[in-house]
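Next come the chains, spelled out residue by residue.
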There are 4 protein chains.
Amino acid sequence: MTGSAANENASPWLPVEDREKARDQKIEAVQDMALTLFIEQGYHHVTMNEVAERLNVTKPALYNYFRSKEDILYSCWMSGHERLQQRVGAELGEGSGLARLRRLIRIYAETMTTTYGKSLVLLDDRDLDEINRRAILERKRNLDGLFRKLIADGVADGSIRPTDPRMAAFAIAGALNWIGHWHRVDGPMTPEKIAEDFAQRLTAGLERDDG
Amino acid sequence: MTGSAANENASPWLPVEDREKARDQKIEAVQDMALTLFIEQGYHHVTMNEVAERLNVTKPALYNYFRSKEDILYSCWMSGHERLQQRVGAELGEGSGLARLRRLIRIYAETMTTTYGKSLVLLDDRDLDEINRRAILERKRNLDGLFRKLIADGVADGSIRPTDPRMAAFAIAGALNWIGHWHRVDGPMTPEKIAEDFAQRLTAGLERDDG
Amino acid sequence: MTGSAANENASPWLPVEDREKARDQKIEAVQDMALTLFIEQGYHHVTMNEVAERLNVTKPALYNYFRSKEDILYSCWMSGHERLQQRVGAELGEGSGLARLRRLIRIYAETMTTTYGKSLVLLDDRDLDEINRRAILERKRNLDGLFRKLIADGVADGSIRPTDPRMAAFAIAGALNWIGHWHRVDGPMTPEKIAEDFAQRLTAGLERDDG
Amino acid sequence: MTGSAANENASPWLPVEDREKARDQKIEAVQDMALTLFIEQGYHHVTMNEVAERLNVTKPALYNYFRSKEDILYSCWMSGHERLQQRVGAELGEGSGLARLRRLIRIYAETMTTTYGKSLVLLDDRDLDEINRRAILERKRNLDGLFRKLIADGVADGSIRPTDPRMAAFAIAGALNWIGHWHRVDGPMTPEKIAEDFAQRLTAGLERDDG
DNA sequence: GATGAATGAGAATTCATTCAT
DNA sequence: TATGAATGAATTCTCATTCAT
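Quick look at the structure, then. Every chain is numbered on its own, with residues counted from 1 as its sequence reads. All chains are assigned letters beginning at A, and all ligands numbers beginning at 1, according to the order in which they are written. Under the rules for a predicted model, residues below a pLDDT of 70 receive no local features and side-chain atom pairs below 80 are neither given nor counted, while totals for whole chains, interfaces and linings still include all residues. Hydrogens are left out, water is left out, and the side-chain values use all remaining heavy atoms of the structure.

Each helix corresponds to a stretch of at least 4 residues labelled H or I by DSSP, and each strand to a stretch of at least 2 residues labelled E; elements are numbered beginning at the N terminus. Along its length, chain A carries nine helices and zero strands. Taken from N to C terminus, the helices and strands of chain A fall in the order α-α-α-α-α-α-α-α-α. Here the term buried applies to any residue with accessible area under 20% of the maximum for its type, exposed to any over 50%, and partly exposed to those in between, with areas from a 1.4 Å probe on protein chains only. A burial count over chain A gives 52% of its 211 residues as buried. Here, residues are in contact when the closest pair of their heavy atoms is within 4.5 Å. Once local pairs closer than 6 in sequence are excluded, the contacts in chain A between residues at least 24 apart make up 68%. Values of accessible area rely on a 1.4 Å probe in the Shrake-Rupley scheme; residue burial ignores everything except the protein chains shown. A total of about 10,000 Å² of accessible surface is found on chain A, and carbon and sulfur atoms cover 49% of it.

Given below as structure tokens:
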């Protein structure tokens, strides 16, 4: 469920294999491999050569699918964002501000345990050119805005005790983003457990006393 | 109060100045400038040349004070950690687990608004060689351990409601570390205000209901 | 008048067209397109990809008609030379050295206003391998020899005043070759006008005073 | 007399030599060597590596003196132009249009026998970026304008028979530029002889009949 | 201590060319 | 004949680092 997309080491180029795999699959394979490496080692320590070798291809082959290394980076971040947005769009649902905030936290936390989710925090937008960077910063702002809005909504509808939405959003987003740093696939808790724990934990202080 | 260390543009080499400034001051100047740039642009986008130029020196001069670029990076992180540790040692004080946790949060939050504090989160230990990296990872573990301990203490002494110290520590540390990403010197809140807000906010859900 | 060969943008591969076009026509189409691009942008700035794209084909298709990029280059030059030679053979005619020189100039000048004519000066033989290069250099020498011979003939038959044929040939050929650099299809003079002007101009100083 | 600047194979880096040579000399050495190679082999066949090796240095050393390969190219062309302009400025002098035209031809012809002079015709402005290219095209236009002006002046003052200055300038400049292609240092004529020959030859047809 | 000069080791990117289909 | 995919071989340029002075 939590898409371990990037983890298959199965390369579409494995020796004499079926070459009929769609172009899209190759694009995805490149992206997955690159992302995995970016997250493991950091963008600047990953060479195009390494990405290629791990896929049993040579470097120039990658340029059939992406214009540049930076292009891959951008693509990775955007894919991560898209996956998050999709779930948010589908699952945020209705209800009080608090209820929706909890759902957002759950979705966000779960996403943060996937490779693509981690890309949202572990990739550095300063490695992109101005245009791509701006696109990403805007999406980051929107995400932040969503947290603030749900909090403000909650305060308005009485499900959340009065608080500064900006600071509350910072605190929650920080805790969530941090998951990308400490989460390990072989850790003791499933993504769902983590999500459930954080949904409670990060809203415990926000509930009305008389809730 | 906490060092705005990295911000002085005063270079010890400024034109005709007294060249007698102590070696230590120069070391610090290099470190400050490098750190400021690392944080602004990211380690890999900062060249030794740029660090030097900003100090009105030439590149090789830097090698009188640091063995390598990586050495500067390590040094920056360590200085940040030392400053934090110093305050923790001096100010954590006595009291219930909850009380001490709140103090730690305050110290940590304030520190996160300084350039050196940010270095703890914004510098990437993967840019270091194994030895230095391990040294840092250990300190990071210790820091995490401290959070967990205070929480566990609080649970034990009844000041904190029963909770998983590991997850609680992750949530709190995440929220705190995130400050390094969003805080701007010219933002609307002083470091003290942020610290006070977070000390309350991050422990609000931990207090005993009947606290 | 002489082929505006390279200008048709009509590709033999245009969408659903009759694919029965003779192989020779395709060869010519490739050559024309390549030459046009070589002259516009310079050999090294033209990629096989670009040539192919402009013809609505893919790169490897070109290799059905030419062994290599260099092969196209060679072919272009040779075609240009052939066209020139053909006219020279057909139109140089008989008469005094001066009369024949004037005819050569006219032919050469007109040719220089065509894409293929320009190839004689604007393509660089150093981009060819030794074998092809030698073939071209020989033809260039022959061309030069022809100029010198007509001049020497003219001197011998009294139609041209005594002069150094080598230098005279250099001066005339230089002026003519330069046409390839400055001529634009949409310029103010027709090829014929240019040819007529140069035929007079370049021989004005060669006529006997008492001619 | 005319600078054989680029021909010295004396490298300022020759083994253990005097390292005191001025930076300017090194810049010039790089430029000279690069230009020599550009002219011998064509810009695209010359690698930075080759330039460096011939100077007993390594590639990156060149980047201390020029920002890029293109920068060297631009610099070469400009130096050639400057040398020409200097002589033109100093030696064109006064007199009838015809007299001045002859002097220009002499200067131009002599220049064309030097490595730097050849750079004016043998380097391709399309290898430059738009900005540098424009700078060069403007200078080329000015040069052309000078030829036309002197011819027009001559027509006006009666020293030159009525003729189209544009075409006359093309013919003369073409003959002169061609020198850059055929001239060899070990050829049978000295630069001065060539210049004298061309000064007469290229204006022979321009004199008034009754001159 | 400081510098000018140079270098070794990459790293991304390009492109003509080939090959299986 | 045409193509999609891949590759080998450059080539430019960068940068941390060193060294003679």
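This part is about the nonpolar core. Generally speaking, nonpolar side chains in soluble globular proteins are found buried as a group. Core analysis: the largest hydrophobic core is formed by 134 residues, its most contacted members being A:Leu176, A:Phe198, B:Leu176 and B:Phe198. Here A:Phe198 is in contact with A:Ile105, A:Ala175, A:Leu176, A:Ile179, A:Trp182, A:Thr203, B:Met167, B:Phe170 and B:Ala171, once residues within four sequence places are set aside. Buried Ala, Val, Leu, Ile, Met, Phe, Trp, Tyr and Cys residues form a nonpolar core when they are joined through side-chain atoms within 4.5 Å. Of all hydrophobic cores here, the second largest spans 131 residues; its members include C:Trp77, C:Ala109, D:Ala169 and D:Met189.

Our next topic: the relation of the copies chain B and chain A. Once chain B is rotated about the relating axis by 180° and shifted along it by 0.1 Å, it coincides with chain A to within an RMSD of 0.1 Å. Such values leave the two copies arranged in the relation of a two-fold axis. Mapped onto chain A, 100% of the interface residues of chain B are again interface residues, and the two copies thus contact each other with one and the same surface. Our superposition of the copies is a least-squares fit, built on the C-alpha atoms of residues whose pLDDT is at least 70 in both.

Once chain D has been moved 0.1 Å along the axis and rotated by 180°, it coincides with chain C to within an RMSD of 0.1 Å. By residue overlap, the copies meet face to face through one surface: 100% of the interface positions of chain D are interface positions in chain C.

All names here are of chain B. The backbone phi angle of Asn56 is positive, close to 60°, even though this residue is not glycine. Mapped onto the elements, Asn56 comes out in the loop between α2 (48–54) and α3 (59–62). A residue is classified by how much of its surface remains accessible, and Asn56, at 43% relative accessible area, is partly exposed.

All right, on to the packing of helix α1 (residues 23–41) of chain B against helix α4 (residues 69–91) of chain B then. Residue and element names in this part refer to chain B. Simply put, an axis is a line fit to the C-alpha atoms, just over the touching stretch for a helix, and the angle between two N-to-C directions goes from 0 to 180 degrees. At their nearest, the axes of α1 and α4 sit 10 Å apart, and the two run at 90° to each other. The angle between α1 and α4 places the two elements in the roughly perpendicular class. Mapping the contact onto sequence places Val30, Gln31, Ala34, Leu35 and Phe38 in α1 and Lys69, Ile72, Leu73, Ser75, Cys76 and Ser79 in α4. Side-chain classes follow a simple rule in which Ala, Val, Leu, Ile, Met, Phe, Trp, Tyr, Cys and Pro form the nonpolar group, Asp, Glu, Lys and Arg form the charged group, and the remainder, Gly included, forms the polar group. A class-by-class count of the residues in the contact of α1 with α4 yields seven nonpolar, three polar and one charged. Orientation labels follow simple angle bins: below 35 degrees gives roughly parallel, above 145 gives roughly antiparallel, 65 to 115 gives roughly perpendicular, and whatever is left gives oblique.

Our focus in this paragraph is the packing of helix α5 (residues 97–112) of chain B against helix α7 (residues 130–157) of chain B. All names here are of chain B. Between α5 and α7, the least distance of the axes is 7 Å, while the angle of their chain directions is 150°. The orientation of α5 with respect to α7, classified from their angle, is roughly antiparallel. The segment α5 lies against α7, with Gly97, Leu98, Arg100, Leu101, Leu104, Ile105 and Tyr108 engaging Leu143, Leu146, Phe147, Lys149, Leu150, Ile151, Asp153, Gly154 and Asp157. Considered class by class, the residues forming the contact of α5 with α7 number 10 nonpolar, two polar and four charged.

The subject of this paragraph is the packing of aromatic side chains. The aromatic pairing rule takes the rings of Phe, Tyr and Trp, using the six-membered ring of Trp, and pairs them if the centres are within 6.5 Å, calling planes under 30 degrees apart stacked, those over 60 edge-to-face and the rest tilted. Evaluation of the coordinates by the stated rule reveals 16 aromatic pairs over all chains. Here the aromatic rings of A:Trp182 and A:Phe198 are separated by 6.4 Å at their centres, their planes lie at 45°, and the arrangement is tilted. Of this pair, A:Trp182 sits in helix α8 (residues 165–182) while A:Phe198 is found in helix α9 (residues 191–204), placing the two residues 16 residues apart along the sequence. An identical accessibility class is assigned to A:Trp182 and A:Phe198; each is buried. Taken together, the ring pairs in this structure connect A:Phe170, B:Trp182 and B:Phe198 into an aromatic cluster. A cation over an aromatic ring shows up here: A:Arg148 above the ring of A:Phe170, its NZ or CZ 5.4 Å from the ring centre. Against the face of B:Tyr43 rests B:Lys69, its NZ or CZ located 4.3 Å from the ring centre. Throughout this description, the term charge over a ring refers to an Arg CZ or Lys NZ atom that lies within 6 Å of the ring centre and within 35 degrees of the ring normal.

Listed as interface residues are 33 residues of chain B and, on the opposing side, 33 residues of chain A. Computed with a 1.4 Å rolling probe, the buried area is the accessible surface lost when two parts are put together, summed over both parts. Interface area, chain B with chain A, both sides summed: about 2,500 Å², of which 66% is carbon and sulfur. Together, B:Arg126, B:Met167 and B:Arg201 form the three largest contributors to the area buried by chain B at its contact with chain A, with a combined 25%. The working definition used for a salt bridge is a side-chain nitrogen of Lys or Arg within 4 Å of a carboxyl oxygen of Asp or Glu. Taken together, the connections running from chain B to chain A amount to zero salt bridges. Counting of polar contacts relies on pairs of N or O atoms within 3.5 Å, with two restrictions inside protein: one atom must be capable of donating a hydrogen and the other of accepting it, and residues adjacent in sequence are counted only when both atoms are side-chain atoms. The tally of links from chain B across to chain A stands at eight residue pairs in polar contact (both at pLDDT 80 or more). Of all the secondary-structure elements, those providing two or more residues to the side of chain B that touches chain A are α1, α8 (165–182) and α9 (191–204) of chain B. Element by element, the count of residues in the side of chain B that touches chain A is highest for α8(B), at 11 residues. A breakdown of the residues in the side of chain B that touches chain A according to their chemical character gives 18 nonpolar, eight polar and seven charged.

All names here are of chain A. Across all of its chains, the model carries 48 salt bridges over all chains by this definition. For Arg133, the salt bridge is made with Glu130, and the minimal N-O distance between the two is 3.9 Å. Placement of both Arg133 and Glu130 in helix α7 (residues 130–157) is noted, with a separation of three residues, approximately one turn of the helix. In this structure Glu130 comes out as partly exposed when scored by relative accessible area, which is 41%.

Residues and elements named next belong to chain A. Inspection of the secondary structure puts Arg100 in helix α5 (residues 97–112). The class of Arg100 is buried, set by a relative accessible area of 18%. Distance in space between the C-alpha atoms of Arg100 and Leu150 is 6.8 Å, their sequence separation being 50 residues. Setting aside its immediate chain neighbours within four residues, Arg100 contacts Leu92, Gly93, Glu94, Gly95, Lys149, Leu150 and Asp153.

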